[in-house]
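Chain by chain, the residues:
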Amino acid sequence: MPIPIELHQQLLLAVIQSGFKKEAWEIGAAAIRDWLVRHQPDAIAMPVTSGYQWKNVFLPNGTLLRTVFNGKNYHALVEGDQLRYEKAITSPSRFANAVGGVRRNAWKVIWVLLPDATTWKLADELRPRRKPLALKNRHEGKSFSTGIRSSP
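Residues numbered from 1 in each chain as written. Predicted model: local features only at pLDDT ≥ 70, side-chain atom pairs only at ≥ 80, totals over all residues. Heavy atoms only, no water.

Novice: Please set out the overall build of the protein chain residue by residue, giving values where relevant.
Specialist: Counting its regular elements, the protein chain contains 6 helices and 8 strands. Reading the protein chain from its N end, one meets helices and strands in the order α-α-β-β-β-β-β-β-α-α-β-β-α-α. Out of the 152 residues belonging to the protein chain, those deemed buried represent 22%. Here the analysis covers contacts within the protein chain between residues at least 6 apart in sequence; of these, 37% occur between residues at least 24 apart. For the protein chain, the accessible surface area stands at approximately 11500 Å², while carbon and sulfur atoms represent 56% of it. (Helix = DSSP H or I, 4+ residues; strand = E, 2+ residues; numbered from the N terminus. Buried < 20%, exposed > 50% of the residue type's maximum accessible area, 1.4 Å probe, protein only. Contact = heavy atoms within 4.5 Å. Areas by Shrake-Rupley, 256 points an atom, 1.4 Å probe, with all protein chains shown as cover.)

Shown next as structure tokens:
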């Protein structure tokens, strides 16, 4: 990537004077990475180190959960590896039922706002979908009723 010659010379001089042991391209790569983190945090994949595991859906630290009951919004927050509602550790099911006072399916009544997201998603939409058993067996070349492989 071309840069002005004066800037390249200043960089080389600074490297020599400081005794820095990296190549110019390594310094450039670090500067670009730093710039990306400051201006486009989503451009650099940063490992998620904490969050709440809800069945087969991972909710990173900072995820906000919302449910509505009688026209009022209620919120729970993923803090570290725990889900908290009114400062108490809870689960999505307990959160949904504590708010509704009735048996509610958390997947159907909780909306999720992931960190750095701008739109809420219904929790059920975040669940990975599996193929129905009949289709799965057909794709594996097995007979649905017997499980015996059919000839090609």
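Novice: Describe the pairing of strand 3 (residues 64-69), naming the residues involved and giving the relevant values.
Specialist: A regular strand places its side chains so that they alternate between the two faces of the sheet. By the bridge criterion, 6 bridges tie strand 3 to strand 4 (residues 72-79) in an arrangement that is antiparallel. Within the sheet, the bridge partner assigned to Val68 lies in strand 4 and is Asn73. In this structure, the hairpin formed by strand 3 and strand 4 is closed by a connection of 2 residues, where Asn70 is found at a positive phi of approximately 50°. Note that strand 3 and strand 7 (residues 110-113) share 4 bridges and pair antiparallel. When the sheet's bridge partners are listed, Leu65 is paired in strand 7 with Val112. (Pairing = 2+ DSSP bridges.)

Novice: Can you explain unusual backbone geometry? Please cite residues and give values.
Specialist: Residues other than glycine seldom take positive phi values, yet Lys55 does so here, at roughly 50°. Mapped onto the fold, Lys55 is located in the loop between strand 1 (51-54) and strand 2 (57-60). For Lys55, a relative accessible area of 66% puts it in the exposed group. Unusually for a residue other than glycine, Asn70 sits at a positive phi of about 50°. Take Asn70: it is sitting in the loop between strand 3 and strand 4.

Novice: I'd like a rundown of helix 3 (residues 92-100), residues and numbers included.
Specialist: Among all positions in helix 3, only Pro92, Phe95, Ala96, Val99 and Gly100 are buried. Relative to the axis of helix 3, the buried residues are bounded by an arc of 115° and lie together on one face. Those residues of helix 3 that are exposed and aimed more than 90 degrees away from the buried face are Arg94 and Ala98. Phi for Gly101, located one or two positions after helix 3, is positive at around 70°. (Arc of directions from axis to C-beta.)

Novice: Requested: an account of the environment of Ala96, with residues and values cited.
Specialist: If you trace the backbone, Ala96 turns up in helix 3. For the pair Ala96 and Arg66, spaced 30 residues apart in sequence, the C-alpha separation works out to 8.9 Å. Leaving out residues up to four positions away in the same chain, Ala96 has contacts with Arg104, Ala106, Val109 and Ile110.

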